[in-house]
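Spelled out, the chains give:
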Amino acid sequence: MRPTKRDELVAKALQVFYRNGFHATGMDMLVAESGISKTSMYKHFRTKEDLILASLRLRDENFRNWLFRRMEELADTPRGQLAALFVALSEWFREDTYRGCMFIKASAEFQEADHPIHAQAAEHKRLLFSFVRDLAAKAGAKDPTGLAYSLLLLKDGAIVTAHMGYADDPAAAAAHAAEILLEAALGPVN
């Protein structure tokens, strides 16, 4: 199915927001980079915030689909998939377009917890948490909630560290710490 003008606009806006940030990206920049007139843009989105929300929803869907599929490709057991999270992160960090986590950025730019953009960013993190917690339960963790929180703290820390560029291989460091957590939660690998 061919993407609609709206779909094309959201995809282009996602790229621009990811590259430049939300507040630094004005509607004039979006018009210039998307090739869509302001009239057409406002026909699809009443406000810039509506466009940001649509972009975050697309990023959430794309990122989770990629991450979960990649974890499954890298390992065939729940425990292995939990460890593979950090291999996938390492691949992402090496992409030329890597600019950190769009959801961390959104929550930093829209700091009020009840702001719709902040809430959308938090929802992405909750969906990741649910997936990792369920995987930890399948792996046999006695405390899947605690293990999921710990692994996701490592994930987000690696993302920020990679974005800031002050460590050589934050995904490998996070993977090493994750192995310690996995062994404590699940016992040694057989």
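No experiment lies behind these values; they were computed from the predicted model shown.

Asker: Can you tell me about the packing of aromatic side chains, naming the residues and giving the values?
Answerer: Inspection of the entire model under this criterion finds 9 aromatic pairs. Both rings, one in Phe22 and one in Phe110, keep their centres 6.2 Å apart while their planes meet at 65 degrees; by these two values the pair is edge-to-face. Of this pair, Phe22 sits in the loop between α1 (5-20) and α2 (27-34) while Phe110 sits in the loop between α6 (102-109) and α7 (116-139), and the two are 88 residues apart along the sequence. Take Phe22 and Phe110: they sit in the same class, and that class is buried. Pairing Phe63 with Trp92 gives two aromatic rings, centres 4.9 Å apart and planes at 55 degrees, and the pair type is tilted. Of this pair, Phe63 sits in helix α4 (residues 48-74) while Trp92 sits in helix α5 (residues 78-93); the two residues are 29 residues apart in sequence, bridging distant segments of the chain. When sorted by exposure, Phe63 lands in the same class as Trp92, which is buried. Taken together through their ring pairs, the aromatic side chains of Phe63, Trp66, Trp92, Phe93 and Tyr98 make up a single cluster. Above the face of the Tyr18 ring, Lys105 is positioned so that its terminal group lies 5.0 Å from the ring centre.

Asker: Can you break down α6 residue by residue, with the values?
Answerer: Of all the residues in α6, the buried ones are Met102, Phe103 and Ala106. In an axial view of α6, the angular spread of the buried residues amounts to 95 degrees, which keeps them on one side of the axis. The inward-facing, buried residues of α6 contact α1, α4 and α7.

Criteria and thresholds
- Residues numbered from 1 in each chain as written.
- Predicted model: local features only at pLDDT ≥ 70, side-chain atom pairs only at ≥ 80, totals over all residues.
- Heavy atoms only, no water.
- Phe/Tyr/Trp six-rings, centres within 6.5 Å; stacked < 30°, edge-to-face > 60°.
- Helix = DSSP H or I, 4+ residues; strand = E, 2+ residues; numbered from the N terminus.
- Buried < 20%, exposed > 50% of the residue type's maximum accessible area, 1.4 Å probe, protein only.
- Lys NZ or Arg CZ within 6 Å of the ring centre and 35° of its normal.
- Arc of directions from axis to C-beta.
- Contact = heavy atoms within 4.5 Å.

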